[in-house]
Amino acid sequence: MGPTKGMEMGKVLILTNSSGGLYDFRNEFVQALLAGHQVSVSMPDDVKEKELAAEGCRIVRTAINRRGINPFQDLKLYFTYSRMMKELKPDLVVTYTIKPNIYGGFAAGRRKVPCIATITGLGGAFDRRGILLKLIVTMYRAGMKRAACVFFQNEENRDIFRRFGIAGKKTRMVMGSGVNLERHRFEEYPAGDETHFLFVGRVMKERGILEYIEAAKALHSDRVFFDIMGYCDEDYQDMLDELEQEGIIRQIGFHTQVHPYLAAASAIVVASFHEGMSNALIEGAATGRPVIASAISGCREAFEEGKTGFGFTPGSARELIGAMEKFLALSVEERAAMGRRGREKMEKEFDRRLVTASYMEEVKRILGQRSAGTAENS
């Protein structure tokens, strides 16, 4: 989508906590913006800096402590964003993930710059109680209050915001980041009598790694293998090394090119306690692999019980093992058919082009309104 009359070469500032996440899951949107606008990207790392810069983005390196709760660091981030907006004078700010949403949204509101925010997941933030919950709610209200549009990836997250009175001017629902159906093309199901379960995600408690390990201990054999792809985000490395030495799991590590590993797997496993929308599930399903997933918002939308995968209650190793046992009882032909149905679901519901179009509709609307307001005041 190119520029429209009245908003040629508008300036868009994207705030994110991961260049890899922006490039891997939202680059189609970035490219659509670049077709008609000047795009600056604030990010804390250089993982995809070269690629984004080559496409035409101006890169602004911004330190973010993604998981820290140091108020001085967070206040510094707010002032950094505010100064950035003063310097770049964007016509629109686009934010992803918690800290850019909150502090970037607040800075944009104070500077009267329209903002599009995306809630990519809430984690366990709203499971807390007392003063900490009140603080979280207050911060989100401040960040979202003046947002021109807030995108949600599942209804549960939107309901939580409504319940706590956190609101922007408008909300929209999208199927996560969608999936690039060409990059994650359909692959024929692996032949042979081996089963390879593939856990995809950061190795941490809230991603269900402990339940996955319990399942591996119970079900691994000379024909059933348990692989883990993702970096260790909590203090589990020694345990993982020991389990690998015992032949219970295999560590694949973190990879930016995940498609070959999805294609080699028999089933993709996502055991998270919380999700916005699981990219691992939709990428695995697009590749033609059945999924075994937590029966939570952000996962439920991506599979159909017994047809494209099996669900289980997060935190329950017993239910995870039960879901895996149901999968192990299937023939290779039944597993392949399950994978084909998963691919069909992705084509109908999760095509990333649909998600990109939704964002560009809001960009056109917001910048069109801003341009009209500027013309009236001139």
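Residues numbered from 1 in each chain as written. Predicted model: local features only at pLDDT ≥ 70, side-chain atom pairs only at ≥ 80, totals over all residues. Heavy atoms only, no water.

K.L.:
Any chance you could explain the environment of Arg26 here in plain terms?
P.N.:
Here Arg26 lies in helix H1 (residues 19–34). Its relative accessible area of 11% is what places Arg26 among the buried residues. Residues Arg26 and Gly178, 152 residues apart in the sequence, show an inter-C-alpha distance of 8.7 Å. Residues in contact with Arg26, not counting those within four places in the same chain, are Gly21, Tyr96, Thr120, Gln153, Ser177 and Arg352. Of note is the side chain of Arg26, whose polar atom sits 3.4 Å from the backbone oxygen of Gly21. (Helix = DSSP H or I, 4+ residues; strand = E, 2+ residues; numbered from the N terminus. Buried < 20%, exposed > 50% of the residue type's maximum accessible area, 1.4 Å probe, protein only. Contact = heavy atoms within 4.5 Å. Polar contact = N/O pair within 3.5 Å; in protein donor to acceptor, adjacent residues only side chain to side chain.)

K.L.:
Would you take a moment to explain the sheet that holds strand S8 (residues 195–200) for this structure?
P.N.:
Each strand in a sheet pairs with its neighbour through backbone hydrogen bonds, running either in the same direction (parallel) or in the opposite one (antiparallel). Spatially, six strands are ordered S10-S9-S8-S11-S12-S13 in an open sheet, and the strand pairing comes out parallel. Pairing within the sheet leaves two strands with one partner each, and these edge strands are strand S10 (250–251) and strand S13 (309–312). Of the strand pairs in this sheet, S8 and strand S11 (residues 267–270) are connected by three bridges, and their pairing is parallel. Pairing of Phe199 across the sheet is with Val269, part of S11. (Pairing = 2+ DSSP bridges.)

K.L.:
Quick question: what am I supposed to make of the packing of helix H7 (residues 209–219) against helix H11 (residues 317–328) here?
P.N.:
For any two helices packed against each other, one specifies the inter-axial angle together with the distance between the axes. Running from amino to carboxyl end, H7 crosses H11 at an angle of 50°, the nearest separation of the two axes being 9 Å. The angle between H7 and H11 places the two elements in the oblique class. Handedness of the crossing formed by H7 with H11: right-handed. On the side of H7, the interface is formed by Glu211, Tyr212, Glu214, Ala215, Ala218 and Leu219, while H11 contributes Ala317, Leu320, Ile321, Met324, Glu325 and Leu328. In terms of residue class, the contact of H7 with H11 is built from nine nonpolar, no polar and three charged. (Axes fitted to C-alpha atoms, helices over the stretch in contact; angles between N-to-C directions. Parallel < 35°, antiparallel > 145°, perpendicular 65-115°, else oblique. Left-handed = near helix turned anticlockwise from the far one by under 90°. Nonpolar A, V, L, I, M, F, W, Y, C, P; charged D, E, K, R; others polar.)

K.L.:
Before we go on, may I ask you to explain the packing of helix H3 (residues 71–88) against helix H4 (residues 98–110) in this structure?
P.N.:
Relative orientation of the contacting elements H3 and H4 amounts to 45°, with a least axis distance of 9 Å. When the interaxial angle is binned, H3 and H4 end up oblique. With respect to the hand of their crossing, H3 and H4 are arranged in right-handed fashion. Contacts from Asp74, Leu77, Tyr78, Tyr81, Ser82 and Met85 of H3 reach H4 at Lys99, Pro100, Tyr103, Gly104, Phe106, Ala107, Ala108 and Arg110.

K.L.:
For this particular structure, what's the right way to read a negative patch on the surface?
P.N.:
Side chains of Asp235, Asp238, Asp241, Glu242, Glu244 and Glu246 sit close together on the surface and give a patch of like negative charge. Relative to the helices and strands, Asp241 resides in helix H8 (residues 237–245). (Patch = residues over 30% accessible without salt bridge, like charges linked within 9 Å, V, L, I, M, F, W, Y side chains within 5 Å. Areas by Shrake-Rupley, 256 points an atom, 1.4 Å probe, with all protein chains shown as cover. Salt bridge = Lys/Arg side-chain N within 4 Å of Asp/Glu carboxyl O. Lys, Arg positive; Asp, Glu negative; His and termini not counted. Charge placed at Lys NZ, Arg CZ, Asp CG, Glu CD.)

K.L.:
How do you make sense of unusual backbone geometry when you look at a structure like this?
P.N.:
With phi around 50°, Lys89 is a residue other than glycine that occupies positive phi space. By secondary structure assignment, the location of Lys89 is in the loop between H3 and strand S4 (92–96). Judged by relative accessible area, which is 57%, Lys89 ranks as exposed. A positive phi angle, close to 75°, is found at Thr97, a residue other than glycine.

K.L.:
So what exactly am I meant to see when it comes to H3 here?
P.N.:
Three- or four-residue spacings in an α-helix give side chains the same orientation, since the helix completes a turn every 3.6 residues. With 18 residues, H3 extends 26 Å between its outermost C-alpha atoms, agreeing within 8% with the 26 Å of an ideal straight helix rising 1.5 Å per residue. Buried within H3 are the following residues: Asp74, Leu77, Tyr78, Tyr81, Ser82, Met84, Met85 and Leu88. Across the axial projection of H3, the buried residues extend over an arc of 160°, all falling on one side. Away from its buried face, by an angle of more than 90 degrees, H3 presents the exposed residues Phe72, Lys76, Arg83, Lys86 and Glu87. In this structure, the buried residues of H3 make contact with strand S1 (10–15), strand S2 (37–43), strand S3 (58–61), S4 and H4. Just beyond H3, the residue with positive phi is Lys89, at close to 50°. (Expected span 1.5 Å × (residues − 1). Arc of directions from axis to C-beta.)

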